[in-house]
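In case you want the letters, here they are:
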Amino acid sequence: MKTAQPAHLARWAGWRLLNPYLLILPFFAFVGLFVFWPVAYSVFLSTMEWKLGYASREFVLLDNYVKLFASREFWDATVNTLVYTVFMVVFSIGFGLLLSLAITRRERFSSMWQAVFFLPVAATMAAMAVVWRYIFDANLGTLNAILQQIGLRRIDWLNQGSTAMGAVIFVSVWSNAGYAMVYFVAGLSAIPRALYEAADMDGASPVRKFFAITWPLLSPTTLFVMIIMMVRALGSFDIIKVLTNGGPVGETRVLSLLLYQEAFQFFDTGYASGIAVVLFILVLALALLQMKVEKWVHYQ
Amino acid sequence: MGSLPVTATSIRRGRRLRFSPGGAVVWLFLVALGVIALFPFALMVGTSLKPIEEIFESGRLLPRHLTFGTYAEVFGHSLLMRYLLNGVIVTVVVLAGQLLVNIPAAYAFGKLSFPGREALFSLVLAALVFPRYIAAVPNFLFLSRLRLINTYAALILPFIGSSLGVFLMRQFFRQVPWEYFDAARLDGCSLSQMLRHVLMPLIRPAIGAFSIFSVVAHWNDFFWPLVVINTSKMLTPPAGIVYFADVEAGTRWNIVMAASVVIIAPLLIAFIAARRQFISSLTTTTLKG
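What counts, and where the lines are drawn
- Residues numbered from 1 in each chain as written.
- Chains lettered and ligands numbered in written order.
- Predicted model: local features only at pLDDT ≥ 70, side-chain atom pairs only at ≥ 80, totals over all residues.
- Helix = DSSP H or I, 4+ residues; strand = E, 2+ residues; numbered from the N terminus.
- Contact = placed C-beta atoms within 7 Å.
- Buried ≥ 20, exposed ≤ 12 C-beta atoms within 10 Å, placed from the backbone.
- Axes fitted to C-alpha atoms, helices over the stretch in contact; angles between N-to-C directions.
- Parallel < 35°, antiparallel > 145°, perpendicular 65-115°, else oblique.
- Nonpolar A, V, L, I, M, F, W, Y, C, P; charged D, E, K, R; others polar.
- Core = buried A, V, L, I, M, F, W, Y, C linked by C-beta atoms within 7 Å.
- Expected span 1.5 Å × (residues − 1).
- Bend = angle between axes of the 7 residues up to and from the residue.
- pLDDT = per-residue confidence, 0-100.

For chain A, the count of helices and strands is 13 helices and 2 strands. Across chain A, contacts joining residues at least 24 apart in sequence account for 67% of those joining residues at least 6 apart.

As structure tokens, this is what we get:
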């Protein structure tokens, strides 16, 4: 890319004030202080035995990681994160894709439907999670009121292991499917119309058209959305914190919540930093994957 | 960026409005999922209009006796009003700071050439992928060292430098040809006139997209206020509503719902008024979830 500044412009009165280093300095001051330094410091802290408020800190190298990998809590949280991520991603993509296919056929209403399904994405999640808590509430909840009306027994959705994770995933899909949908709508519109017209002339069925044209041509989009959704799933906090706070007995506690609890409720700084580093490595791997995919999507 | 290609192109395709069984199934599917998507919003509004005796009938969406007393109570509740004020202060100051700090950097990266630019820009890209959790503990320690816990500064300072903002706006600066600057110079523009009348209008779409993202992200942020705030009156709306529901409201769900409506309303109204800009803004800012 050529963005060299022409010489005569550089001599323009006042132009010299726009020294590039001066222009980027404030940005790097803030980002250095609140992003780069903390990230490096986190890695450093993860090698320390240190409870916040205690004077002593001791260098323990990998002890926190040893403790981490030996702890039941960490593996439970990892498994929960995995389960949550897989279901959230698969269902969000599934529904997002189905919605986008359904919407692009209803051309006149496409924009209205998009708004309907994007509404949960734009709404303040913590507040909506409070509403969902009311829906799932054991005594007053809407869901149980409906169950009772049709003669079924009440279920304590958020406080029993068999349903809590399901409820959390459900709400998560509710808030993310519309997000996936928007990408699929864009992906679908990029598929040349002529392909479908040719298929129509050959008398192809809608199912055949989907598997021969739509699905293969949409696969870069699908991969892209999958990675975005995985990053979102790993970063999820609001829904779980508000709906179950990780309960019952840790059944819905994911890594981000475990990190929050260890760091800011038990103040086990070193240990929490270890969790942060693990989470960071996972997200970094996904980000690198995304850059690869993005290149692939753009260059083909 | 701009608007999504879909809505523009697909609308203009010929439409066929004959009945088909497949089409009916698709309609049913859309309506069913639409009901699920909107149900919590309907329940929230419906419950917020119920008197307290009716909240035990949670299977009923609409109130038997309409009341607006819940809203009167919310607007009369000093703590809830404080949350809204905190939310406005934090989102406005964060956005203003972000624009002030990130636009010059975006301009330098997009339009000027200087030694080390590529290396420094790769740092911007790197900062783009750091999840917020990894910086949380050190930032908390740093802010408490500065005695800023429980202040607006703690809610604002960590977000001023935005690699995402620099990244998005740089793309726009790159597309502005030098000839525009030349023309401005020949017309005798001063530097500040050039910035105001040539540059700003050209990058307004990028600023708009970034602003929507920023306001949505910081109005909705729940995690960071939980970390750096420990007195109820300094909470922002999301953490505030959860605190209110957990600690103050008990089973007065109608008041909780009214408060939720009030907290969600500003963004939702903005969303409905500028759907396309919202959707494209929130989807071009992919990595930060």
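This part takes up the overall build of chain B. Within chain B, the regular secondary structure consists of 14 helices and 0 strands. For chain B, the sequential pattern of α-helices and β-strands runs α-α-α-α-α-α-α-α-α-α-α-α-α-α. Taking all 289 residues of chain B together, 43% fall into the buried category.

All names here are of chain A. A positive phi angle, close to 50 degrees, is found at Asn245, a residue other than glycine. The residue Val249 is not glycine, and still its phi comes out positive at about 35 degrees. With respect to the helices and strands, the residue Val249 is situated in the loop between α11 (238-243) and α12 (255-264).

Before going further, it helps to spend a moment on the packing of helix α6 (residues 125-136) of chain A against helix α12 (residues 237-248) of chain B. The contact between α6(A) and α12(B) brings their axes to 7 Å, and the two run at 25 degrees. Taken together, the axes of α6(A) and α12(B) lie roughly parallel to each other. Together, A:Ala126, A:Ala127 and A:Val130 of α6(A) and B:Pro238, B:Ala239, B:Ile241, B:Val242 and B:Ala245 of α12(B) make up the contact between the two elements. Grouping the amino acids of the contact of α6(A) with α12(B) by side-chain chemistry returns 8 nonpolar, no polar and no charged.

Interface size is commonly expressed as the accessible area that is lost once the parts come together. Contact with chain B, which involves 89 residues of that partner, is made by 87 residues of chain A. The element contributing the most residues to the side of chain B that touches chain A is helix α2 (residues 21-48) of chain B, with 12 residues. For the side of chain B that touches chain A, the residue count by class is 65 nonpolar, 17 polar and 7 charged.

Counting residues in hydrophobic clusters, the biggest one holds 167 residues, and the most contacted among them are A:Val130 and A:Leu279. If sequence neighbours within four positions are ignored, A:Leu279 has contacts with A:Leu234, A:Leu255, A:Ser256, A:Leu259, B:Pro131, B:Tyr133 and B:Ile134.

Another aspect to go through is the packing of helix α2 (residues 20-45) of chain A against helix α6 (residues 132-145) of chain B. Relative orientation of the contacting elements α2(A) and α6(B) amounts to 90 degrees, with a least axis distance of 8 Å. Of the possible angle classes, the one that applies to α2(A) and α6(B) is roughly perpendicular. Contacts between α2(A) and α6(B) involve A:Phe34, A:Val35, A:Pro38, A:Val39, A:Tyr41, A:Ser42 and A:Leu45 from the first element and B:Ile134, B:Ala135, B:Val137, B:Pro138 and B:Asn139 from the second. Considered class by class, the residues forming the contact of α2(A) with α6(B) number 10 nonpolar, 2 polar and no charged.

Residues and elements named next belong to chain B. Looking at where Ile229 falls in the secondary structure, it is placed in the loop between α11 (223-228) and α12. As a C-alpha pair, Ile229 and Ile55 span 174 residues in sequence and 32 Å in three-dimensional space. Excluding residues that lie within four positions of it along the chain, Ile229 makes contacts with Asn150, Met234, Leu235 and Ala239.

In an α-helix, one full turn covers 3.6 residues, which means residues spaced three or four apart are oriented alike. All names here are of chain B. Taking 1.5 Å of rise per residue, 30 residues should cover 44 Å, yet helix α10 (residues 191-220) covers just 38 Å from first to last C-alpha, more than 12% shy of that figure. Roughly 55 degrees is the biggest bend found in α10, and it falls at Met200, with proline Pro201 one to four residues downstream. All of the buried residues along α10 are Met194, Ile203, Ala206, Ala209, Phe210, Ile212, Phe213, Ser214, Val216, His218, Trp219 and Asn220.

Looking now at the environment of A:Ala164. All names here are of chain A. Along the chain, Ala164 turns up in helix α8 (residues 161-189). Between the C-alpha atom of Ala164 and that of Gly246, which follows or precedes it by 82 residues, the distance is 9.3 Å. Other than its neighbours up to four places away in sequence, Ala164 contacts Leu158, Asn159, Thr244, Pro248, Glu251 and Thr252.

This part is about the confidence of the model for chain B. Residues and elements named next belong to chain B. Overall, the predicted model of chain B reaches an average pLDDT of 84, with 92% of residues at or above 70. The lowest-confidence element of chain B is helix α1 (residues 5-11), averaging 41 in pLDDT; the highest-confidence one is helix α7 (residues 152-156), averaging 96. Here residues 1-16 scores under 50 on pLDDT; set against residues more than four positions off or in separate chains, the count is 32 contacts. Complex prediction metrics read pTM 0.86 and ipTM 0.86.

Moving on: the environment of B:Leu164. Looking at the element boundaries, B:Leu164 is found in helix α8 (residues 163-175). Here the alpha-carbon distance between B:Leu164 and B:Leu49, two residues 115 residues apart in the chain, equals 41 Å.

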